[in-house]
Structure formats: C-alpha cells, structure tokens
Amino acid sequence: MDPRIDKALSPENSAGTAIGLAAVSRLRPFLSFVRQRLSLLLLCPVIAAAIGAALWAVVLGELEDERRDREAELVQQVDAYTRSYAIRTRRSIADTDRLLLLLRHDWAVSGGRTSLTGTLEAGIFSRQYIAGVGLVDRNGVVVTSSHPAAVGRYLGQRPYFTEQQRAAADRLYISGPIDGHLSNREVIVFWRRLHSPGGRFEGIVLVSVLPSFFTQHYTEPILRDYGFVGLTGADGVVRASRSGSVVHSLGAPFLLAPLPADKPQGVTRLDGKRWFADGRTRVVGWQPIPDLGLVGIVGVDEYSAMAGYRRDRQAALAGAWWNTAWLTLAALLATSFYVHAKWKQHQIEAIRSTYRLATEDAGDGFFINRPLRDLHGAVRDFEVVDCNQHGADMFGKHPQQLIGHRLSEFYHGELFRAACARLCEALDTGLHDSEIPVTRASGQLLKAQWIRYKAVRAGDDLAVTIRDISETKAHLSELERRGNSDELTGLPNRYWIQQYLPQAIEGARAAGRGLAVLFIDLDGFKTVNDALGHAAGDELLRTVAKRLKIAVRPRDHVVRLGGDEFVVVLENIDGADDVEHVAGRVLAAFRDGFHLHQATHVLGASIGISLFPEHGDDAQTLLKNADIAMYSVKTEGKGSFRFFQSSFFEAIRTRLETEIELRRALDQHQFVVHYQPRVDLAAGKTSSMEALVRWERPGKGLTGPDRFIPLLEETGLIVRLGEQVLDSVCRQLVHWARDGAALVPVSINVSPRQFSQSDILALFRDVIARYCIDPSLLEIEVTESSMMQEGIGESAVFRQLRELGIKLCIDDFGTGYSSLSQLQKLHFDVLKIDRAFVLRIEQPDGDTLIASMIAMAHALGMKVVAEGVENRKQMTLLKTLGCDEGQGYFFSRPVPPGERQPQGSRELLPAIAPKS
C-alpha cells in the first residue's frame, strides 16, 4: 500500500476531515439559498447604492443651494454697501462744495480780502482729510492759502484753473489724483470759479483733499481686512482706493483694470489676478454718483465672505461620508442576515437614522406631518410623524414630546388655522414656501422672530423644513434703517420722506382724507451755530428734534431734511383747524429757549404749510409749496406759520427779478444822487444838503428809494450802493468846486450793514484822499432805530470818523429807543427830528415833544434839524422853538445836481406833494 494513503487514513487525519465535512455540510444549504436568491444578494447593495446616490444628491444639492443663496445674499449685501457708500460720499462731496461756496461768498462779501493764513493750524479745516485751501485770482496767481508758501505762485497752467477759465457755467470740478507740491502728498482738488456780480471770471477757489477723504466710509466691521472701496471718474481714473487699512496711491494702484462698461451700475465678481494688486477675488458693486461724473465702488473679499459656507460644506461632506459608510455597513448586514425576518425593519431604521443625522447637520428643523381626515376626506388636523432634534429645539421641546402628537394639541385659534392652511396648500399644490414673521401671540411656541417655512408633499405625508432667518432679517432691517434715518437726530431723513410721502398721498387719496406738510426752518440757528461751534449746533438740533416729536401727534411723522430744516407730515386730518393746532404746538415748543453752554438761547421757527389736495397732489409739489409758504413767513417777520397761497410764488418770482435788476443796475451805475437842502431857519439860507439816491430804471423812469432800499438791505447789496453814492457825492463836490460854486456839507445815509460788512473808515479815508476834499464837507446819517438794533454805536469807528473831521447825524430821531446816556456817549453832531413829529406840530400840544427834543439836543451840544417841513406855519413854529435847521418840500424837493439852488438863496418853495 502507498505510504501516503496510509498517512491519510490515520486516526488523526480522519478526525480533521470529519470536522471540515461537517462545516461544509452546514454552509451548503446557505450557499444553495444564496444561489437560488442571487437577486436578493444584489438587492441590498443596489438599494444601498441608490440611497447613497440620493443622499449625496441631496447633500450636494443643498450645498449648491446654500452656495447660491450665500452668493445671492453677498450680491445683495454688496449692492446695499455700494449704495450706502455712494450716498455717504455724495454727502461728503456736497459738504466740501458748501465749503467752497462759503469761501466764495466770504470772498465776494469781503471784496476779495479773504485770508486763509493759519486756517489749518487753527483747526478751521480738518487736517485729517483736507491738505490745503486757496484762492487764485484771474491771472492764475495764488492770493491767499492755508499754506503761506503757496501765496504768489502761478497756477494759470494747471488744468483745474484753465477748465474754470473756459467754463460757460458755474459748477463744481473734481480733479484726478495729483501730487501736492506743498503737502508732499497725493491730493484730489475740488474747485469752483470766482466771478464778479456780472458773471466775469475772477479766479478760482479750491480745496485739496487727501484720497482718504473718499475712503473714510470704509466700514471695517463689514468689509474687514480684505474689503475694498474706491472712487473712479467717468474718465476711468481712480480718485481714491482703500483695502483694509491701506489707502492706495496713484503710483501704486490697487485696481488694475477698469470696471465693466456694459452697464452704469451693478454687482459682479472680479478675478483677483486680473483686477486687484493683491490677487484676491472680490464681489464688486459700483454705483454712479449723480451729477458728479463719479462712480463709487465697494468690493467684498469672496474668500472671507464664503468662509462660513466652506465650514458648512466641510461639515456636510464629512457627514455624508459617514452616512455612506453607514449605508455600506447596512448593506453588508442586510446581505449577511437576509434570512432574518426583521431585516427589513432594521434596514428602514438604519435609513431613517441616517437621514435624521443629515438633517441635524444642515441646521434646519425637519418634520414629517401626516394629514388626519374625517369621514368625508376633509383634513381636520395633522400628526407629527417624525422630527429632528433641531426642529424640536426650535419649539422648546424634546422630539418625543412632538412625535405622535397632533398640531391641535399645541396650537389653538388663529395660530392653528394658519398652520393648517399652509400644510393644506402643500397637500393641494405639492409645495408651500414662505417667510413668516413670528407673532408673540399667546400659545406661540416658536422662539425665532422670522422663519422660512417650506412644506413639500411626499406621498401622503408632508416633509416640513423650518429655518430660523431672524439674523438675516434683522441685518436687512438695520441696513434699511440706516439708509432711511438721519444719523444726528435719529429722525427719518430726506430719502425716507421721498419714499414715504408719495405712498401717504396715495393712501389719503384712496381714503378721501386730508394730508398736510409742514416745512419748518429754525430762526436764529446759524447765529448759535457760528457762535458756539458745530458741536453745540448738533446738540441743539437733537434737542429740537425731541421737542418736535413731543409737539406733534403720535401718528405724525417728523423728518429732518438737512441743516436746520425739518418737515412734519400730518395724515388723517379733517381740516385746516387740525393743522393750525399742531403748528401752534410746534411754535410753542420753541418758547422756553434752549440751554447750551450754561446759557439759555432763544430760537424761533418759521412754518410753511401745504395741504393735500388743495395745494398739490404729488410729493414734490407739496414740499415745494410748503417751502415757499415758509419763505413768506421768513420775509414777513418770522416766528409764525402760514398756509400756501399762489400769490407767494409770484411774490418770490418778482423779488428775484428785482434783485437781478438791482445787481445789473449796480454794475451799470443806474443809480443817481439828488440833493435836498437843509436851510438855516435863522439866516434863511442853505446850510447843508442831504444826498438822496434814486434809481433811473430803464423803461420805468425814476424810482424812489422805498421801492428798492429794503431789498438791497436784505441781500447785502446796500454795501455796494453805499460805496457808489459816496463816490458820486465826492465827485460832485469836486465838480462844484471847479465851477466856483459855494460848497456846503453833504450828509450821506449809511446803512448798518456798511459798518458790519465793510471797512467804513478805510472807505471814507480812501475817497477823501482820492478826490482831495475837506472831510468837514461830509456828514454821515445813521437812523436811531437801526443803530440801536445793530449795536454799531458801540464800535470805535464813530470816534475815528469824528477824528477824521466827518460830522455824525442821528436820523429819524424819536422812532427808536435810544437813551440819553447813549446819546452822550456817541457824541453826535446833528439830531434830525423825524417828520412824523413835525406833521403834528400844529396840533394842540404837538409842539411840546419837539421842544423837549430841541432842548435835550442843545444841552448835548447837537444842532437840530426838523425833517418834513411842508408849510410856512410849521417853519415859523420850529423857528420859535429854537430849531436850527429845516428840511422839506417847503424849501425844496430833492433835485439833480444841476438844479441845486445857490447857497445864499432865500427862495422858499411851497410844498404841495407828500414826501417820497
């Protein structure tokens, strides 16, 4: 026998063979079962693969949706940031333009004697953003500057000078970045033209600002380290740019290529390698700034903005991989134990557990709701079949406290009906998707303030997803609030009322109710602001805003337009009485004064009112007409309210036309001087004359001073007229002297504005030296009332004028409130009694007051002149009372220089016409 056969048949090997055969025999039925049911062996892996694919499709789909949502949200945020930046930059540019206009006004008022030396050091202009301020004359030479070294420099070849020199109209220019030779820094120049009253080019006024002026609105909490703001012009030149804390210069540009030119505004994604110096890709928005040819740009770093999404994506993918692993394991278990009866239940539970885990990672509340129907098939309630932990947390519950319970157990009344309505809509249409504000009603379990509620029909059940969007809504609400409110007072701003008032008008029109607009301008605010500074002015505006909100009705709206202008919108009014009541309360709010800097300051308010629909049926017309009515209040004494009338507009138009004519008349020297003699009552001869101005108005003849002097005073043009009258009088005196006529002093009426807005002493000195005349031939007349109101009598200039040899006359005496001590202190030479007292001299006791005036003036060493003498009886009574001189139509009307009577003439002309 073969030895190998013997070994195999040995007792030890026989036992091992028996064990192996037994194992094979136990596996044979199992292997046979598998061969017979090979489809079942493949079913579980196929099902697992399908579920895995679906799971990945859901995860990747949700990630894609989240990415698109985040990108869309980012686009909305960038658009909002860009609009906000454009608005803020527009305001900053407008503030700088107002500075240019103020400097130009000061230059015009001062006669070109504005000095800017030391203004930067004194803190008048902010060194943080302003590099320099200057005035350049018509020849291109710097006449004054905040940098003394710039004075005398020639800038006539600079573009910002030549552009204004060639410009046909007055407008604001803004340069591109240039090198500041004095500040040694890159600057951008704002400039406007200087022009004479006739419109002739007289030079430019300019303000150079640092590029950081345009990037000051960089919002670091929002844009962070890699954000970007910039300002470009229509020419494509970048004025300024900033990324993070770095403000970039023209020599090292940050924006490497121009913006897309296919549309004037928008938001797009710009690749970092092509567009930005730091190579970072950004989502960029650009918004034009109207009327300035500028474009505001804001960029948000895409990588930083999408950081949250990347974290969510990484977590979701990790969860998906874990879920895939679980599915694989489940498939292996199902394949291994397919013979067990409970395998199907185990598979369902595994899938269900995996899906729940996926929804937990997504951060949304997930629910399965099943409709409960009555016998007729109508839905009466819903049962919570399943929910995840996050969904239960949103209601302050544990999942076991929700699963298996009905909605009616948690909600009642209107809350239950609203929830059922949403779910029924999803059952009918397949989908309900909405954003819902969560009311704090009784029985409300949700803790969020806003939710996105999405219900999708899945067979007979509904899959409900609830997402808390409270933070997103709060963020959008805050952005809207900032765009619609005034930063200083917290009131709604001009942008808000432009949006709201048209809606309010439409509501009033639909309801058939009235609406009123109150335009409020503060009286005296500029004085307080100039005297105490802008900080005090800001505090005053905040206090005014609080008082206005208290004064109006709770449902009314108080708006700050800007500066010291406010608007109140009154809705649901029944008539003018309602409006008058509110306007009266507003005026009363200003009566107590305002406590600032340990003192009480009195302000008033002028209110113009327009009514809908009587005074306009659109927002622009109502605001304009209320503004016109307010201006009418200003011109009539301030401190009251007035409803709009169509005649107001005509009055304003007439006033503007007259002002234009007066400016032209000054340029063309249309004003002439007539002379009215003052007669020595004792000697009966001319002792002096008063110079009275007349306007030779083309096509309208000679116009008296009462028709134009008030407007000249209001506009400040009285200063120029005073200079022309003084020059005309001195030139006439020289002419009379050359002709051999006997000279007598001539008195000239001087406005208080000439004392406050010009160097009156230098003016008289200059004209006396120019015409070489004796100062004693000139007298100055100042009215008693205006002198006391303006306080010019406190000035040392009166004493200096008298030292020069010029006599001083107080005119219209008796109409003001001067005291004896004031008259003693001012040392006037002549006192002129107002004609109103002379007219009453023939009445019983009419001479008593005049006699006391004459006695007082003589006691103070003053000569007395009676104005308005119109008949011989008045002259005789005045002479009897001791009056020194008389003036009036009884002696002579005001006549041109060629009709002047000889100095010794005793001819008395009868007066038959009233004084004009």
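Note that the coordinates shown come from a computational prediction; the quantities given were computed from them, not determined experimentally. (Residues numbered from 1 in each chain as written. Predicted model: local features only at pLDDT ≥ 70, side-chain atom pairs only at ≥ 80, totals over all residues. Heavy atoms only, no water.)

Enquirer: Could you give an account of the overall build of the protein, naming the residues involved and the relevant values?
Expert: A tally of regular secondary structure across the protein gives 29 helices and 33 strands. For the protein, the residues scored as buried account for 45% of the 916 residues in total. Of all intrachain contacts in the protein linking residues separated by at least 6 positions in sequence, the fraction that spans at least 24 positions is 59%. When the accessible area of the protein is evaluated, it comes to approximately 47000 Å², of which 54% is carbon and sulfur surface. (Helix = DSSP H or I, 4+ residues; strand = E, 2+ residues; numbered from the N terminus. Buried < 20%, exposed > 50% of the residue type's maximum accessible area, 1.4 Å probe, protein only. Contact = heavy atoms within 4.5 Å. Areas by Shrake-Rupley, 256 points an atom, 1.4 Å probe, with all protein chains shown as cover.)

Enquirer: How would you sum up the sheet that holds strand E10 (residues 266-270)? Please name residues and give values.
Expert: Taken in spatial order, the 6 strands of this open sheet run E9-E8-E7-E12-E11-E10, and their pairing is antiparallel. For this open sheet the edge positions go to strand E9 (246-248) and E10, each flanked by a neighbour on one side alone. Across this sheet, the average inter-strand angle for adjacent strands is 20°, counted without regard to direction. Strand direction decides the pairing type here: strand E7 (residues 228-233) and strand E8 (residues 238-243), joined by 5 bridges, are antiparallel. Within E8, the residue paired with Thr-232 across the bridge is Val-238. (Pairing = 2+ DSSP bridges. Axes fitted to C-alpha atoms, helices over the stretch in contact; angles between N-to-C directions.)

Enquirer: Run through helix H19 (residues 646-667), naming residues and quoting values.
Expert: Its 22 residues place the ends of H19 33 Å apart at the C-alpha level, agreeing with the 32 Å of an ideal helix rising 1.5 Å per residue. Where H19 is concerned, the buried positions are Phe-648, Ile-652, Arg-655, Thr-658, Glu-659, Leu-662, Ala-665 and Leu-666. Buried residues of H19, seen end-on, are gathered within an arc of 145° and therefore sit on one face of the element. Opposite the buried face of H19, by more than 90 degrees, sit the exposed residues Ser-646 and Ile-660. Where H19 is buried, its residues touch helix H18 (619-635), strand E24 (641-643), strand E25 (671-680), strand E26 (685-697), helix H20 (709-715) and helix H21 (718-738). Downstream of H19 by a residue or two, His-669 has a phi angle that is positive, lying close to 55°. (Expected span 1.5 Å × (residues − 1). Arc of directions from axis to C-beta.)

Enquirer: For the pattern of salt bridges, give the residues involved together with the corresponding values.
Expert: Under the criterion given, the structure shown has 47 salt bridges. One salt bridge in this structure joins Arg-127 and Glu-121, with 3.5 Å as the shortest N-O distance. Taken together, the salt bridges that share partners define one network made up of Glu-64, Asp-65, Arg-67, Arg-68 and Glu-71. (Salt bridge = Lys/Arg side-chain N within 4 Å of Asp/Glu carboxyl O.)

Enquirer: Go over the sheet that holds strand E15 (residues 431-437), please, and point to the residues and values.
Expert: Read from one edge of the open sheet, 5 strands run E14-E13-E17-E16-E15, paired in antiparallel fashion. The outermost strands of the open sheet, each flanked by one partner alone, are strand E14 (379-387) and E15. Along the sheet, successive strands turn relative to each other by an average axial angle of 25°, direction set aside.

Enquirer: Give me the environment of Thr-543: which residues, what numbers.
Expert: Tracing the sequence through the fold places Thr-543 in helix H16 (residues 534-551). Considered as a pair, Thr-543 and Thr-489 are 54 residues apart in the sequence and their alpha carbons are 8.4 Å apart.

Enquirer: Can you explain the packing of helix H14 (residues 494-511) against H18? Please cite residues and give values.
Expert: Describing two packed helices takes the angle between their axes plus the distance from one axis to the other. Two numbers describe how H14 lies on H18: the axes approach to 9 Å, and their chain directions differ by 105°. Viewed along their axes, H14 and H18 adopt a mutual orientation that is roughly perpendicular. Listed contacts from H18 to Ile-497, Leu-501, Pro-502 and Ile-505 of H14 are Ala-619, Leu-622 and Leu-623. Along the lines of polarity and charge, the residues of the contact of H14 with H18 split into 7 nonpolar, no polar and no charged. (Parallel < 35°, antiparallel > 145°, perpendicular 65-115°, else oblique. Nonpolar A, V, L, I, M, F, W, Y, C, P; charged D, E, K, R; others polar.)

Enquirer: An account of helix H8 (residues 307-336) is needed here, citing residue identities and associated values.
Expert: Between its first and last C-alpha atoms H8 spans 44 Å; for 30 residues at 1.5 Å apiece the expected length is 44 Å, and the two agree. Every buried residue of H8 is accounted for by Ala-307, Tyr-309, Ala-316, Leu-317, Gly-319, Ala-320, Asn-323, Leu-327, Ala-330, Ala-331, Ala-334 and Thr-335.

Enquirer: So what's going on with unusual backbone geometry? Residues and values would help.
Expert: Pro-613 follows Phe-612 through a cis peptide bond whose omega is 5°. In this structure, Pro-613 sits in the loop between strand E23 (604-612) and H18. In this model, His-669 sits at a positive phi of 55°, which is unusual for a non-glycine residue. Tracing the backbone shows His-669 in the loop between H19 and E25. Judged by relative accessible area, which is 56%, His-669 ranks as exposed. A positive phi angle, near 55°, is found at Asp-812, a position not held by glycine.

Enquirer: I'd like a description of the packing of aromatic side chains, backed by residues and values.
Expert: Within this structure, the stated rule accounts for 22 aromatic pairs. What links up through ring pairs into an aromatic cluster is the set Tyr-129, Phe-190, Phe-213 and Phe-214. One Lys or Arg, Arg-171, reaches over the ring of Tyr-173 and ends 4.0 Å from the middle of that ring. Looking at Arg-547, its charged tip hangs above the ring of Phe-594, at a distance of 3.9 Å from the centre. (Phe/Tyr/Trp six-rings, centres within 6.5 Å; stacked < 30°, edge-to-face > 60°. Lys NZ or Arg CZ within 6 Å of the ring centre and 35° of its normal.)

Enquirer: Talk me through the side chain of Arg-192; I want residue IDs and the actual numbers.
Expert: Mapped onto the secondary structure, Arg-192 falls in strand E5 (residues 186-195). For Arg-192, a relative accessible area of 10% corresponds to the buried category. Within the structure, the side chain of Arg-192 is placed 3.3 Å from the side chain of Asp-170, a separation counted as a polar contact. (Polar contact = N/O pair within 3.5 Å; in protein donor to acceptor, adjacent residues only side chain to side chain.)

Enquirer: Describe in detail the packing of H18 against H19, supporting the description with residues and values.
Expert: At a closest axis distance of 9 Å, the pairing of H18 and H19 adopts a crossing angle of 65°. One finds that H18 runs roughly perpendicular with respect to H19. When you trace H18 past H19, the crossing you get is left-handed. The residues of H19 that touch H18, namely those facing Ile-628, Ala-629, Tyr-631 and Ser-632, are Phe-648, Phe-649, Ile-652 and Arg-655. (Left-handed = near helix turned anticlockwise from the far one by under 90°.)

Enquirer: Before we move on, can you summarise the pairing of strand E13 (residues 365-373) with the specific residues and values?
Expert: In this sheet, strand E17 (residues 461-468) lies alongside E13 in antiparallel orientation, the contact comprising 5 bridges. Note that in E17 the partner of Phe-367 across the bridge is Val-464. Bridge count between E13 and E14: 7 bridges; the pairing is antiparallel. Within E14, the position partnered with Arg-373 by the bridge is Val-379. Linking E13 back to E14 in an antiparallel pair, the connection comprises 5 residues, with Gly-377 at a positive phi of about 90°.

Enquirer: Tell me about the side chain of Arg-655, and name the residues and values.
Expert: When you line up the elements, Arg-655 lands in helix H19. Reaching out from Arg-655, the side chain makes a polar contact with the side chain of Glu-714 at a distance of 2.8 Å.

Enquirer: Summarise the nonpolar core; cite the residues concerned and give the values.
Expert: Counting 70 residues, the largest nonpolar core has Phe-671, Leu-721, Val-729, Leu-778, Leu-801 and Leu-878 as its most contacted members. Here this core gets 9 residues from one element, more than from any other, and that element is H21. Formed by 40 residues, the second largest nonpolar core is a distinct cluster that contains Tyr-81, Phe-190, Leu-194 and Ile-289. (Core = buried A, V, L, I, M, F, W, Y, C linked by side-chain atoms within 4.5 Å.)

Enquirer: So what's going on with the environment of Arg-452? Residues and values would help.
Expert: For Arg-452, the position within the fold is in strand E16 (residues 450-458). Residues Arg-452 and Thr-465, 13 residues apart in the sequence, show an inter-C-alpha distance of 8.0 Å. Not counting the four nearest positions on each side in its chain, Arg-452 is found in contact with Asp-69, Asp-433, Ser-434, Glu-435, Thr-465, Ile-466, Arg-467 and Ile-469. For Arg-452, the side chain forms a polar contact with the side chain of Asp-433, separated by 2.8 Å.

Enquirer: Can you explain the environment of Glu-713? Please cite residues and give values.
Expert: Mapped onto the elements of the fold, Glu-713 is located in helix H20. Owing to a relative accessible area of 24%, Glu-713 belongs among the partly exposed residues under this scheme. Each C-alpha atom of the pair Glu-713 and Arg-753 lies 7.4 Å from the other, and the pair is 40 residues apart in sequence. Setting aside its immediate chain neighbours within four residues, Glu-713 contacts Ile-718, Ser-751, Pro-752 and Arg-753.

Enquirer: Report on the confidence of the model for the protein, specifying residues and quantitative values.
Expert: Mean pLDDT over the protein: 83, with 87% of residues reaching 70 or higher. In the predicted structure, residues 341-348 sits below a pLDDT of 50 and forms 9 contacts with residues beyond four places in sequence or in another chain. Taken as a whole, residues 902-916 scores under 50 in pLDDT and shows 37 contacts with residues more than four places along the chain or in a different chain. (pLDDT = per-residue confidence, 0-100.)

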